[in-house]
Amino acid sequence: MSITVTPPSEILVVSETVQLIATLRDANSQVLSGYPIAWHSNDVNVVTVDSTGLVKGEGPGAADVIVTSAGVSDTAAISVSSAVVPSGMSLIAFASGAYLDAPTGGIKVMTADRSSIGTVTTSGGDWDPAWSPDGTKLAFESDRARAVDHGDIFVVNWDGSGLAQLTSDESDDREPAWSPDGRRIAFDRFSSIYVMSAADGSGATMVTLNGSHASWSPDGARIVFAGPDRHIWVTQLDGSGLTQLTNAGYDGMPTWSPDGTKIAFQHGSTWPDSWAIYLMNPDGTGIVQLTLEGQRPAWSPDSRMIVYEDSGINVINADGSGLTRVGDGFAPAWSRVGSMPPPRRAERFIAIAGGDGQSDSVHSALPEPLGVLVTDTVGTPVSGVTVDWILDPQAQESGVALSVNRVTTDASGIASVSLTLGGALGTVQVRATITDGSAQLTGVVFTATATTGSVASVIVRPNPVVLLIQTTAQLSATPLDADNFVVTGRPIAWTSDNATVATVDTNGLVTGIGAGSATITATVDGREGSATVSVVRPEDVIASLQGDWLARLTFGNPRTRVCSGTGSFFFTSDSGSLGGTAGFLVPTSCGGVGLRLVPVSNFQLSSTAFAFNAACGFTAGLPSDSVTTIGGSVRCGTTSGRWSAVRSGPPASVSIAPAALTIIIGATTTLAGQALNANGDVLLGRLLTWSSDDPGVATVSSSGVVTAVGLGSITIRAATADVSGQITVTVVTGQQ
């Protein structure tokens, strides 16, 4: 059985009341009723409580209200302050009460030195207060006029008088922010930033789409806000100059410092939890973490302190010192006028005790823990002090991890943690700060460097290599660790397993010695990588290329416009060189050559490539004896492209069109013949030999032009290699 009281804490002004509610549950968390409930205060001079749980503030101070039922109890912590009176001290406004769908206790204000507190509004759902520049009014959002999730903007004097509603349409209006000149209010309407008149809410104009929680620059020219992708953005009032300031994790609630030098914001590596307060320059540089946790920051009028929300309201110096919890509440806002309490003095000092400046490979745990020494004002080690360890967001996202985020100093004043590096190379920073219940120092910063790990693999490139005999090719070896980061500064040993075929020097330069295959191996720290080198003779290259190849040519930019051509090669050996014919159909609109049947000429060899001409210039890597595909670059006039070819197999048939021909004596006509492989692919590179079995009836030229010279029927044949095709040609007189 258990009992809980809500709210668990509250701040009251003398004579103010708050209703506490007690809930009794059984072991299965089921709510119980009918049991007597007893309430009492441990200090009736501060608060009293009646039998229903209604608490009243009697005098300044702090007291506990205890509720008891069925042998179990719970406690609510109540603080009571005297009413706020004008004293020249700056004020902090905040939403009070418990948080259900919104804070339930209305808007309150307290002096920055916590000497007094006052109530501005009492309606549940009033929150996100924002001060006017002169400190006389508060703008705030509220659901009081409509249902939850349909907010409006209100304005009220800081003493609770003069309440006025500025927006009342069907929109959901949130998060007001007063302009520095006091004439306008920026606000969030359906997750877009609008600006309206602060006097009456008129003239609402959208500044930027997709944004929330605006904050004005001190000169009123720009607005910083939480925008697209949950990052921080800045814009001019007319929507121009939109600039993204942050790009890691999730960011929100930016607020510009009154002196214009910094922007405070909340950041989390996950959404919507794990918020902490960060600072940056107005251009997005110099991001530093200020707190371990917290959200909704607001600046003091002198830009030296920040008030923020983290299980209540807290104040911290902008340098990270002086952390002080000032009470319960939500969404604090600091007035822009009034005096400031003196900054909290540091009562503990922290220094690095060991572990700074270490280096290790990615994903490794550093061998030495990070340690700090905490001392008092006279240098004596202090035990029992909490040390918070903070990683920057980029380090967290790369996988850097601490063994713990909070450690207590031992009897020697030492606190230490272990650090495991992430998967990114480079420097990692860890900040250690201390909290003794009243002050937090800026802390000390440890630096660690993530380096590559030991060699896990070696990549040798290029691989494979076909190399012309008595020439050289340069290989490179790239050592990689287990995360595929390049490992530098390691010696590389090169070896060949067949020096009669290829040798390699200490720099990876391979020389082809004799025809055959060799494996070239690079060894780094006991890990090996290799490339296969095939050494070929010129006659081997020619022999491996001989035969028919189906080709494709591509010109243009693949992202914009591509033109393609098709064709084939018929390579032959020609007096120790490469000869043959090539046939292509490349659209002239692509810078091509149209339909051409041309000889292969100007064959050339280099150490690892060959080249030839066939109306266009072709280059490709040297082939091995079993090659089935070749390809490389092609240039036709001023147009460059790529070409590729696959081995076709020899002609299997020849087709002739038309399939039969009747022609008048004395006339001519051109036949179209094509060589086809076994798959029916056209071999444009095959030259056909034409013949007539009776030239007295009709002749045929080498290009397939038939001339009728006498009456009768004959057979015209087109042949290539060992295959041919034929048609019947009938010659007739013109009178028929």
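What you see is a predicted model; the values in this text were computed from it and never measured.

Reading guide: rules and limits
Residues numbered from 1 in each chain as written. Predicted model: local features only at pLDDT ≥ 70, side-chain atom pairs only at ≥ 80, totals over all residues. Heavy atoms only, no water. Core = buried A, V, L, I, M, F, W, Y, C linked by side-chain atoms within 4.5 Å. Buried < 20%, exposed > 50% of the residue type's maximum accessible area, 1.4 Å probe, protein only. Contact = heavy atoms within 4.5 Å. Pairing = 2+ DSSP bridges. Helix = DSSP H or I, 4+ residues; strand = E, 2+ residues; numbered from the N terminus. Axes fitted to C-alpha atoms, helices over the stretch in contact; angles between N-to-C directions. Salt bridge = Lys/Arg side-chain N within 4 Å of Asp/Glu carboxyl O. Patch = residues over 30% accessible without salt bridge, like charges linked within 9 Å, V, L, I, M, F, W, Y side chains within 5 Å. Areas by Shrake-Rupley, 256 points an atom, 1.4 Å probe, with all protein chains shown as cover. Disulfide = S-S within 2.5 Å. Phe/Tyr/Trp six-rings, centres within 6.5 Å; stacked < 30°, edge-to-face > 60°. Lys NZ or Arg CZ within 6 Å of the ring centre and 35° of its normal. pLDDT = per-residue confidence, 0-100.

1. Observations concerning the nonpolar core
Considering soluble globular proteins, one finds that nonpolar side chains tend to be buried as a cluster.
In step 1: Formed by 32 residues in total, the largest nonpolar core has its most connected members in Leu-545, Leu-553, Phe-569, Phe-571, Phe-612, Phe-618 and Trp-643.
In step 2: Leave out the neighbours within four places in its chain, and Phe-571 touches Leu-545, Gln-546, Gly-547, Trp-549, Leu-578, Gly-579, Val-600, Phe-612 and Ile-630.

2. Quick look at the sheet that holds strand S21 (residues 205–208)
In step 1: Taken together, four strands build an open sheet; the order of strands is S18-S19-S20-S21 and the sheet is antiparallel. The outermost strands of the open sheet, each flanked by one partner alone, are strand S18 (173–178) and S21. Direction aside, neighbouring strands of the sheet carry axes that sit 35° apart on average.
In step 2: Taken together, the six bridges between strand S19 (residues 184–189) and strand S20 (residues 192–197) define a ladder with antiparallel strand orientation.

3. Observations regarding the pairing of strand S31 (residues 305–309)
In step 1: Where burial is concerned, most of S31 is hidden: five out of the five residues are buried.
In step 2: Here S31 shows a buried face lined by Met-305, Val-307 and Glu-309 and a second buried face lined by Ile-306 and Tyr-308.
In step 3: The antiparallel pairing of strand S30 (residues 295–299) with S31 creates a hairpin that spans five residues between the two strands, and Ser-303 there sits at a positive phi of about 65°.
In step 4: When S31 meets strand S32 (residues 313–317), the two strands line up antiparallel, connected through five bridges. Paired with Val-307 across the two strands is Val-315, which belongs to S32.
In step 5: What sits between S31 and S32 in their antiparallel hairpin is a turn of three residues, with Ser-311 showing a positive phi close to 55°.

4. Notes on the pattern of salt bridges
In step 1: Across all of its chains, the model carries 13 salt bridges by this definition.
In step 2: Where Arg-174 meets Asp-143, a salt bridge forms, and the shortest distance between an N and an O atom there is 3.1 Å. Taken together, the residues Arg-174 in strand S18 and Asp-143 in the loop between strand S15 (137–142) and strand S16 (152–157) connect sequence positions 31 residues apart.
In step 3: Overall, Arg-174 belongs to the buried group, its relative accessible area being 12%.

5. Here's the deal with unusual backbone geometry
Trans peptide bonds make up most of the peptide bonds, and negative phi angles are found at most residues other than glycine.
In step 1: Arg-461 connects to Pro-462 through a cis peptide bond whose omega is -10°.
In step 2: Cis geometry is found at the peptide bond from Asn-463 to Pro-464, where omega equals 0°.
In step 3: As for its position among the elements, Pro-464 is in the loop between strand S45 (457–461) and strand S46 (465–468).
In step 4: Its identity as a non-glycine residue notwithstanding, Asn-210 has a phi of 65°, on the positive side.
In step 5: Examined against the element boundaries, Asn-210 turns out to sit in the loop between S21 and strand S22 (212–216).
In step 6: On the accessibility criterion, Asn-210 (39% relative accessible area) is partly exposed.
In step 7: Although it is not a glycine, Asn-484 sits at a positive phi angle of roughly 65°.
In step 8: Mapped onto the elements of the fold, Asn-484 is located in the loop between strand S48 (476–480) and strand S49 (493–496).
In step 9: A relative accessible area of 56% means that Asn-484 is categorised as exposed.

6. Considerations on a nonpolar patch on the surface
In step 1: On the surface, a cluster of nonpolar side chains totalling about 260 Å² of accessible area is made up of Ile-664, Ile-665 and Leu-711.
In step 2: Topologically, Leu-711 is positioned in the loop between strand S70 (705–708) and strand S71 (712–720).

7. Here's the deal with the environment of Ser-300
In step 1: On the secondary structure map, Ser-300 appears in the loop between S30 and S31.
In step 2: Along the chain, Ser-300 and Val-315 lie 15 residues apart, while their C-alpha atoms are 9.4 Å from each other.
In step 3: Discounting residues that sit within four places of it in the chain, Ser-300 has contacts with Pro-258, Met-305, Trp-334 and Met-340.

8. Looking at the side chain of Asp-172
In step 1: Tracing the chain through its elements places Asp-172 in the loop between strand S17 (164–165) and S18.
In step 2: The class for Asp-172 is buried, based on a relative accessible area of 16%.

9. Observations concerning the state of the cysteines
In step 1: All told, the structure shown has one disulfide when counted by the stated rule.
In step 2: Two residues share a disulfide in this structure: Cys-616 and Cys-636, whose sulfurs sit 2.0 Å from each other. One disulfide, between Cys-616 and Cys-636, carries an S-S torsion of 105° and so falls in the right-handed class. Of the two residues, Cys-616 sits in strand S60 (residues 616–621) while Cys-636 sits in strand S61 (residues 629–636), which places them 20 residues apart along the sequence.

10. Considering the packing of aromatic side chains
In step 1: Counted under the stated rule, the structure contains 16 aromatic pairs.
In step 2: Centre to centre, the rings of Phe-569 and Phe-612 are 5.4 Å apart; their planes meet at 85°, and the pair counts as edge-to-face. Within this pair, whereas Phe-569 is found in strand S55 (residues 562–574), its partner Phe-612 is found in strand S59 (residues 609–614), the two being separated by 43 residues in sequence.
In step 3: Look at Phe-569 and you get buried, because its relative accessible area is 0%.
In step 4: Three or more aromatic residues joined by ring pairs make a cluster, and in this case those are Phe-569, Phe-571, Phe-584, Phe-603, Phe-610, Phe-612, Phe-618 and Trp-643.
In step 5: Against the face of Tyr-194 rests Arg-189, its NZ or CZ located 5.3 Å from the ring centre.

11. Section: the confidence of the model for the protein chain
In step 1: The predicted model of the protein chain averages 88 in pLDDT, with 94% of residues at 70 or higher.
In step 2: Confidence, read as mean pLDDT per element, is least for strand S2 (residues 9–13) in the protein chain (76) and greatest for S49 (97).

12. As for the sheet that holds strand S51 (residues 509–512)
The strands making up a sheet associate through backbone hydrogen bonding, with each pair oriented either parallel or antiparallel.
In step 1: Spatially, S47-S51-S50 is the arrangement adopted by the three strands of the open sheet, whose pairing is antiparallel. The open sheet has two edge strands with one neighbour each: strand S47 (472–474) and strand S50 (502–504). Here the average twist between neighbouring strands, direction ignored, is 20°.
In step 2: Sheet topology note: the S50/S51 ladder contains three bridges and is antiparallel.

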